[in-house]
Amino acid sequence: MAHNTESVPTASVRKLPVWAFIALAIVYPIILLALIRLLTPGVYVRYGRFTSVEILWRALLVPYGTAVLFVVAAVTV
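What you see is a predicted model; the values in this text were computed from it and never measured.

Considerations on the overall build of the protein
- Secondary structure assignment for the protein yields 2 helices and 0 strands.
- Taken over 77 residues, the protein has a buried fraction of 12%.
- Across the protein, every contact between residues at least 6 apart in sequence was considered, and the portion connecting residues at least 24 apart equals 59%.
- Within the structure as shown, the protein displays about 6,800 Å² of accessible surface, and the carbon and sulfur contribution to it stands at 69%.

Comments concerning the side chain of Thr-40
- Along the chain, Thr-40 turns up in the loop between helix H1 (18-39) and helix H2 (53-76).
- On the accessibility criterion, Thr-40 (13% relative accessible area) is buried.
- A distance of 2.4 Å separates a polar side-chain atom of Thr-40 from the backbone oxygen of Ile-36.
- If we ignore the near neighbours within four places in the chain, the residues touching Thr-40 are Arg-58 and Ala-59.

Here we look at a nonpolar patch on the surface
- Taken together, the side chains of Leu-16, Val-18, Phe-21, Ile-22, Ile-26 and Ile-30 present a nonpolar region at the surface, about 630 Å² in accessible area.
- Among the secondary structure elements, Ile-22 is positioned in helix H1.
- Ile-22 gets classed as partly exposed once you look at its relative accessible area, which sits at 45%.

Thresholds, definitions, all that
Along each chain, residue indices are assigned from 1 in the same order as the chain's sequence is written. Restriction of local features to residues with pLDDT of at least 70 applies here, the model being predicted, together with a cutoff of 80 or more for giving and counting side-chain atom pairs; totals for whole chains, interfaces and linings are based on all residues. Water and hydrogen atoms were dropped before computing side-chain values, which therefore reflect all heavy atoms in the structure. For helices the rule is a DSSP run of H or I covering at least 4 residues; for strands it is a run of E covering at least 2, with both sets numbered from the N terminus onward. The buried label goes to any residue with under 20% of its type's maximum accessible area, the exposed label to any with over 50%, and the partly exposed label to all in between, with areas taken from a 1.4 Å probe on protein chains only. The criterion used for residue contact is that any of the two residues' heavy atoms lie within 4.5 Å. In short, Shrake-Rupley with a 1.4 Å probe defines the accessible areas, and a residue's cover is counted only from the protein chains shown. Polar contact is defined as a pair of N or O atoms within 3.5 Å, subject to the rule that within protein one atom must be able to donate a hydrogen and the other to accept it, and that residues adjacent in sequence are counted only when both atoms are side-chain atoms. Each patch is assembled from residues with relative accessible area greater than 30% and no salt bridge, linking like charges that lie within 9 Å and nonpolar side chains (Val, Leu, Ile, Met, Phe, Trp, Tyr) that lie within 5 Å. Put simply, a salt bridge is a Lys or Arg side-chain nitrogen that is within 4 Å of an Asp or Glu carboxyl oxygen.

Structural data, given as structure tokens:
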């Protein structure tokens, strides 16, 4: 009996190797931490207390936005 691969939904799905998953899991926090360190040098903000909109952009939105773009690019590839 022949198997029809067109009806199997995972027949054309590419699988991610373990080494690539580990690399992505390492690169993601590196992107976050590096951008936070680069964009907020010498700024001390207590956890969860942002003193201005500029610090909010620099400490949260830009690093996490970039990390999300990295994840979207990785999933797309």
